[in-house]
Amino acid sequence: MNTPAGKVADKVTVSARVLHEVRSPRPACLPCQTPAPTSADLRDYPTMRAMRVYAADTSIRSQRGGIVTIALPFEPLTVTAPPATALRGERFAVVLPQGDAWTKLHGMFDMKPDSAAILADSGYAPSLSDPRFIVQMVYAVASDLYITFRRALGREIALGLRPVSTDDDGAEIWQRSGCFELHPWAMEEAQAWYDRKEARISFGYYKAKQDAVGYAPGSRVFTALSHDVIVHEMTHALLDAVKPHFVTPTNRDVLAFHEAFADLIAIFQRFRYADLVAEQITNARANIDALDILNSLARTFAKTSGLGNTLRPLSGDLMYDTVGEEPHDLGNVLVQAVYQAFRVVANRRIDRLVDIATNGTGILPPGALSPSLADEIAQRVSKTARIFQTMLIRALDYCPPFDIGFFTFLRAVISADIRLVPVDDDGIRDAWMEAFRYHRIFPTDGLHYAEEQIAWDRIPEDTKLRIPALSFSQTAFAGNPGDLLPMETAVTQASEVATTINQSAEWRAHLGLQTAPDSGTHINTEIVGIRSFARPGPNGMTEFGTVVEIVSRTFGGRDRSGFMSSQGACLIFESEGRLSSCAPLSPDRETRRQDIEQYSVSAQGARSWSRDSGNVWKLGSDIFAGLCIR
């Protein structure tokens, strides 16, 4: 989409959000009940902090692998004094319950997380009601998931960024909170949700409607003790930090993708616990389809809230073109497609081991599975789950900055994986494509299910599309390239990137930058993200580069949101500043406007879009109210 002859396209500017994704000093803590350790004290602490948590679900806490120990990089944890009582680290603050309803428990909040006895005992003992363990569970699982994302993306993630208003040109004004808050006692309700406006996750508690392992009808159930619920909601927050416009509902897939992605990360996160997987494999006699807790989602939450044995089915025959538009229901199609691909690859790897163990017959003898064979199979299944989880997370850097669709995400997954694994010897990408085809997640532009067509076009190595400011040789990193940049470096880099694009006709043509069509509209084109990374590949080599996201929104006419006639791209640069990959939106803005308007009048779209008295479209302000566990 080229700029009209004789006109100059609107200039690219830098979003204020970019200048909040920087390294910032740790905020001053509130008055503490537990004094913060001095630098001399820190020398006496371990390098890692061990914390016990429930793996997958409280219903299996007495089984092998039902309780696991998570090892986290050590940081001092302080407990702030009332009334704002919270366990605080550098990134997370777990807020303790307030109000008269919890007076009888206040005596149990004498937390000393950094005492020698607690550190030596891997934290507080697992409990269905001890508030100290509930705090520990939420902190440990959330911190561990952050590390999972950081490792997969190869960079730090700035949590707690939120838009607070817009300026006269429609550009969003952002703020960043000091600590991301986790509220395990937020409300009496069988629910949990991520709140972008408050930079927090709220977990409910409720009385069980029916019995489950450990619970009688009427027993108090804490959603903050569900590993799956914590990971699901924390994934919403991390996904929003990486792709802030993935909550702008421009088509039926957008909010459904948020829910499906959160479910999938929760599903695969549990496969990281070796003892849990080995126990499940033993009980299922190496049959992936017969796994118990690992083939369900948030079981205790589902049973005690009257929803059955699983919150949503991981396997099944849901079809994209027949299921409804409710985000959890539609997202379940994507969950079943990805989990089907995982099962295909995992079963293939299990079959190879079983063939070896049975001298080629493939038929296991009667009786219990050999512990050695079960452990070996568990290792391969866990590795397969890690591969799938990493593919999901890394694909985010190969998605357009908004208007995500299920098939577009498949294109991103294939594109990201080809970059790291050019030859797919294990047929993993084929399993993804076939699972999407089975669940009728079809392309809309006539593409085949072939990786050479689905992957984004590679940029030729002799291209002139380079941005010198993104060369690692010119960037003043303060440590690892995946760490957040200091403010001064970020400002200089962002300004130079914008200047390069504005002064280059080739760049402007490649990005399809346009002029406003008439005096009643204006175009706001912003760089909304510049993130360098250093991520390990499967061959043992580290991949270096930079991700740049650009969003161009047209305001005026019948659209107050700016998204109906919009454009954008996610660009991947090599470490020397050369463009290597581009994930664009379709350049046809008019078709996108028509598609969004059609979605906006649907039953689901009308929850987010409305028209004022002048027939001008606008977006609702509380989209995240729908991003909850159920």
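To be clear, the structure that these remarks concern was listed above.
Let us look at the structure shown here. Computed from a predicted model, the values in this text were never measured in an experiment.

1. What to know about the overall build of the protein
Broken down by element type, the protein carries 15 helices and 18 strands. A compact globule built from 630 residues would reach a C-alpha radius of gyration of about 25 Å, and the protein, at 25 Å, matches this within 12%. Counting only residues that meet the buried cut, the protein has 58% of its 630 residues in that class. Contacts in the protein between residues far apart in sequence, at least 24 positions, make up 68% of those at least 6 positions apart.

2. Comments concerning the pairing of strand β3 (residues 67-73)
The side-chain alternation of β3 yields one buried face, formed by V68, I70 and L72, and one unburied face, formed by I67, T69, A71 and P73. The sheet contact formed by strand β2 (residues 48-54) and β3 spans 7 bridges and is antiparallel. Bridged to M48 within β3 is P73.

3. Side note on the sheet that holds strand β14 (residues 542-556)
Strand order in this open sheet of 5 strands is β1-β13-β14-β15-β16, and the pairing throughout is mixed. Edge positions in the open sheet fall to β1 (12-14) and β16 (579-584), since each of these has one partner strand only. On average, each strand axis in the sheet is tilted by 25 degrees relative to the strand beside it, whichever way the strands run. In terms of strand pairing, strand β13 (residues 521-536) meets β14 through 15 bridges, oriented antiparallel. Residue pairing for β14: F533 is matched across the bridge by G545.

4. A short note on empty space enclosed by the protein
Considering all chains together, one arrives at 7 cavities of 30 Å³ or more under this definition. Counted as a void, the largest cavity has a volume near 210 Å³. Considering the residues around the largest cavity, the lining is formed by 20 residues, among which E21, L484, I530, R531 and S532 are closest to the centre. Every element with two or more residues in the lining of the largest cavity is listed here: α4 (227-242), α13 (487-502) and β13.

5. Points about the packing of α4 against helix α5 (residues 253-269)
Where α4 meets α5, the closest approach of the two axes is 8 Å, and the angle between their N-to-C directions is 130 degrees. With respect to their mutual orientation, α4 and α5 come out oblique. Here the hand of the crossing between α4 and α5 comes out right-handed. Contacts between α4 and α5 involve H227, D228, V231, H232, T235, H236, L239 and D240 on the former and, on the latter, F257, H258, E259, F261, A262, D263, I265, A266 and Q269. Looking at the contact of α4 with α5 residue by residue, the class counts come to 7 nonpolar, 6 polar and 4 charged.

6. As for the layout of surface pockets
Quantified by volume, the largest pocket comes out at close to 960 Å³. In terms of lining, the largest pocket is formed by 31 residues, of which the most central are N251, D403, T408, T444 and D595. Put simply, the parts of the chain that give the lining of the largest pocket at least two residues each are α10 (406-420) and α15 (589-600). Top element by residues in the lining of the largest pocket is α15. It accounts for 6 residues.

7. Topic: helix α8 (residues 327-357)
Relative to the 45 Å expected for 31 residues at 1.5 Å per residue, α8 spans 44 Å between its end C-alpha atoms, a close match to the ideal helical length. You can read the cap of α8 off the contacts: a side-chain oxygen lies 2.8 Å from the backbone nitrogen of H328, and it is on E326. In the segment just after α8, N359 is the residue with positive phi, at about 55 degrees.

8. Focus: the environment of L511
Structurally, the position occupied by L511 is in helix α14 (residues 505-511). Taking C-alpha positions, L511 is 8.8 Å from I550, a pair spaced 39 residues apart along the chain. Setting aside its immediate chain neighbours within four residues, L511 contacts I501, I550, Q567, A569 and L571.

9. Some thoughts on helix α3 (residues 131-153)
Across its 23 residues, α3 extends 33 Å between first and last C-alpha, which sits within 8% of the 33 Å expected from 1.5 Å per residue. The element α3 is extensively covered by neighbouring structure, given that 19 of its 23 residues are classed as buried. Measuring from the side-chain oxygen of the N-cap residue of α3 to the backbone nitrogen of R132 gives 2.9 Å; that N-cap residue is D130. Immediately beyond the C-terminal end of α3, within one or two residues, lies G154, with a positive phi of roughly 75 degrees.

10. Here's the deal with the packing of α8 against helix α11 (residues 428-438)
When two helices pack together, their arrangement is given by the angle between the helix axes and by the axis-to-axis distance. The N-to-C vectors of α8 and α11 enclose an angle of 140 degrees; their axes lie 8 Å apart at closest approach. By the angle between their axes, α8 is oblique relative to α11. Between α8 and α11 lies a crossing whose hand is right-handed. Taken together, the residues of α11 that come into contact with α8 (itself represented by L334, A337, V338, Q340, A341, V344, V345 and R349) are I428, A431, W432, A435, F436 and Y438. Here the contact of α8 with α11 is composed, by residue class, of 12 nonpolar, 1 polar and 1 charged.

11. Focus: unusual backbone geometry
Trans peptide bonds make up most of the peptide bonds, and negative phi angles are found at most residues other than glycine. In this model, A286 sits at a positive phi of 70 degrees, which is unusual for a non-glycine residue. On the secondary structure map, A286 appears in the loop between α6 (274-283) and α7 (299-304). Phi at A298 takes a positive value of approximately 50 degrees, unusual for a residue other than glycine. The topology assignment puts A298 in the loop between α6 and α7.

12. Remarks on the side chain of T525
Assignment of secondary structure puts T525 in strand β13. Engagement of the side chain of T525 in a polar contact is seen with the side chain of S552, the distance being 2.9 Å. Discounting chain neighbours no more than four positions away, the residues touching T525 are K11, V12, T13, L513, I550, V551 and S552.

13. Brief notes about the nonpolar core
Residues M234, F268 and F271 are the most contacted members of the largest nonpolar core, which totals 148 residues. Those residues in contact with F271, other than ones at most four positions away along the chain, are V277, L291, L294, Y339, F342, V381, S382 and A385. With 23 residues, the next largest nonpolar core counts A498, I550, L571 and F573 among its residues.

14. A look at the state of the cysteines
As enumerated under the stated definition, the model contains 0 disulfides in all. Cysteine C570 remains unbridged, with the sulfur of C399 as its closest cysteine sulfur at 7.8 Å.

15. Brief notes about the pattern of salt bridges
In this structure the tally under the stated criterion is 34 salt bridges. Residue R91 is joined to E156 by a salt bridge in which the shortest nitrogen-to-oxygen separation is 3.9 Å. With a gap of 65 residues between them, R91 in the loop between β5 (86-88) and β6 (92-95) and E156 in the loop between α3 and β7 (161-166) connect regions that are remote in the sequence. One salt bridge in this structure joins R440 and D321, with 2.6 Å as the shortest N-O distance. Placement of the pair is R440 in the loop between α11 and α12 (451-454) and D321 in the loop between α7 and α8, with a sequence separation of 119 residues. It is possible to trace a salt-bridge network through shared partners that takes in R155, D397, R419, R535, E543, E574 and R578.

What counts as what
Residues numbered from 1 in each chain as written. Predicted model: local features only at pLDDT ≥ 70, side-chain atom pairs only at ≥ 80, totals over all residues. Heavy atoms only, no water. Helix = DSSP H or I, 4+ residues; strand = E, 2+ residues; numbered from the N terminus. Rg over C-alpha atoms; globule rule 2.2 N^0.38 Å. Buried < 20%, exposed > 50% of the residue type's maximum accessible area, 1.4 Å probe, protein only. Contact = heavy atoms within 4.5 Å. Pairing = 2+ DSSP bridges. Axes fitted to C-alpha atoms, helices over the stretch in contact; angles between N-to-C directions. 1 Å grid on protein atoms, 1.4 Å probe; cavity = no way out; pocket = protein on both sides within 12 Å on 5 of 7 lines; lining within 4 Å. Points joined across faces, edges and corners; volume = space filled by probe spheres on them. Parallel < 35°, antiparallel > 145°, perpendicular 65-115°, else oblique. Left-handed = near helix turned anticlockwise from the far one by under 90°. Nonpolar A, V, L, I, M, F, W, Y, C, P; charged D, E, K, R; others polar. Expected span 1.5 Å × (residues − 1). Polar contact = N/O pair within 3.5 Å; in protein donor to acceptor, adjacent residues only side chain to side chain. Core = buried A, V, L, I, M, F, W, Y, C linked by side-chain atoms within 4.5 Å. Disulfide = S-S within 2.5 Å. Salt bridge = Lys/Arg side-chain N within 4 Å of Asp/Glu carboxyl O.

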